[in-house]
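Now for the letters of each chain:
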Amino acid sequence: MLFYFCKCIACLPLRWVHRLGAGLGTLSYWLDGKSNRIALTNIEQSGLTENHDQARQLMKRSRIEAGKALLETFFIWGQSAERLLPLIQEVNGWEAVTQAQQEGKGLIFLTPHLGCFEITSVYYGSRHPITVLYRPPKMQALSNLVVNGRQKGQVSMAPANASGVRKLLQALKAGQAVGILPDQIPRSGEGEWADFFGKPAYTMGLASKLASKSNAVVVMAFGERLTDGRGFNIHLSRVDDIHTPALLNQAIERQIAQCPAQYLWQYNRFKQRRYAMHKLEKHSSDTTADIPDQ
């Protein structure tokens, strides 16, 4: 069913996909109050707006952009790389890739839930091999759709498990690239607590560990969604240090600040997992015990 939906969406011009997505996002804004509350709370926490009214305006814009993001994902999954590449209007920061290749180092691309993150791997995979980490959905049919939709050109997929991590390390040791969604909430026991816009968020440790073990060049990648279905601009920027989850979150914050309306603010980065909360409470009590009485 979803396969045929992707094919139907892929038959439309991108401008119509974005128009339908904007309508879907607007409808979701009026009907889904819970996601509005999460998005508004996260935006106000970020400090990227000056007051409540600005935060509400940004929240509404981001909900509309989220609708576009959803439908364009199906659009990209249903298209060939050859038809998608002409939609990329500009690529800024490619020198970071060239430098890494000249140094003989692997590349870690970090693509947060910002703009069109699907288009970045399509572009890179049309030129060089890249292995992208993904969390397999519980439904096998949906998992097949994700893998088949993303494997274009020289893009290969690695599941978020032990074998997938080994695949990422092998690619990096071979001087190739890997792609990771760095702001995805890790499973219990697989992350650490680190501030994200000034509030503790359970943050993946994988990206930091891969960077430390492989000495790879780390690049933030962002596919900016252009207005009126004109396509995308890809922005690449080298990150000097993500060796801790705190540094990783700081790099993500800087990326989001470039285009906050296209960030998926309703994604609950501050979700509390039971095992992770136990670790946070233990860490807090241990820290408190270390503070001498005044």
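Since this is a predicted model, take the numbers as computed values, not measurements.

Trainee: Help me understand the sheet that holds strand 2 (residues 107-110) in this model?
Mentor: Consider a sheet: its strands pair through backbone hydrogen bonds, and that pairing is either parallel or antiparallel. The strand order across the open sheet formed by seven strands is 1-9-8-2-5-3-4, and the pairing between neighbours is mixed. The strands lining the two open edges of the sheet, one partner per strand, are strand 1 (88-92) and strand 4 (155-159). The average undirected angle you get between the axes of adjacent strands in this sheet is 25 degrees. Where strand 2 lies against strand 5 (residues 177-180), four bridges are found, and the strand directions are parallel.

Trainee: In this structure, what is going on with the side chain of Glu 72? I would like to understand it.
Mentor: On the secondary structure map, Glu 72 appears in helix 4 (residues 52-77). A residue is classified by how much of its surface remains accessible, and Glu 72, at 1% relative accessible area, is buried. At a separation of 2.9 Å, a polar atom in the side chain of Glu 72 contacts the side chain of Arg 225.

Trainee: Looking at this structure, how should I read a nonpolar patch on the surface?
Mentor: On the surface, a cluster of nonpolar side chains totalling about 270 Å² of accessible area is made up of Leu 12, Trp 16 and Leu 20. Looking at where Trp 16 falls in the secondary structure, it is placed in helix 2 (residues 14-31). On the basis of relative accessible area, Trp 16 is assigned to the partly exposed category, the value being 42%.

Trainee: Before we go on, may I ask you to explain the pattern of salt bridges in this structure?
Mentor: Opposite charge on two side chains makes pairing possible when the charged atoms of those side chains draw close. Using the criterion set out here, one finds six salt bridges in the structure. Where Lys 68 meets Glu 65, a salt bridge forms, and the shortest distance between an N and an O atom there is 3.3 Å. Of the two residues, Lys 68 and Glu 65 are both situated in helix 4; the distance of three residues between them amounts to about one turn of the helix. The exposure class assigned to Lys 68 is buried, which follows from its relative accessible area of 17%. A residue is classified by how much of its surface remains accessible, and Glu 65, at 15% relative accessible area, is buried. Glu 65 serves as the salt-bridge partner of Arg 225, at 2.7 Å between the closest nitrogen and oxygen. In this pair, Arg 225 is assigned in strand 8 (residues 217-225) and Glu 65 in helix 4, connecting sequence segments 160 residues apart. The buried category is assigned to Arg 225, whose relative accessible area is 5%. Within this structure, Glu 65, Lys 68, Glu 72 and Arg 225 form a network of salt bridges that share partners.

Procedures and definitions
- Residues numbered from 1 in each chain as written.
- Predicted model: local features only at pLDDT ≥ 70, side-chain atom pairs only at ≥ 80, totals over all residues.
- Heavy atoms only, no water.
- Pairing = 2+ DSSP bridges.
- Helix = DSSP H or I, 4+ residues; strand = E, 2+ residues; numbered from the N terminus.
- Axes fitted to C-alpha atoms, helices over the stretch in contact; angles between N-to-C directions.
- Buried < 20%, exposed > 50% of the residue type's maximum accessible area, 1.4 Å probe, protein only.
- Polar contact = N/O pair within 3.5 Å; in protein donor to acceptor, adjacent residues only side chain to side chain.
- Patch = residues over 30% accessible without salt bridge, like charges linked within 9 Å, V, L, I, M, F, W, Y side chains within 5 Å.
- Areas by Shrake-Rupley, 256 points an atom, 1.4 Å probe, with all protein chains shown as cover.
- Salt bridge = Lys/Arg side-chain N within 4 Å of Asp/Glu carboxyl O.

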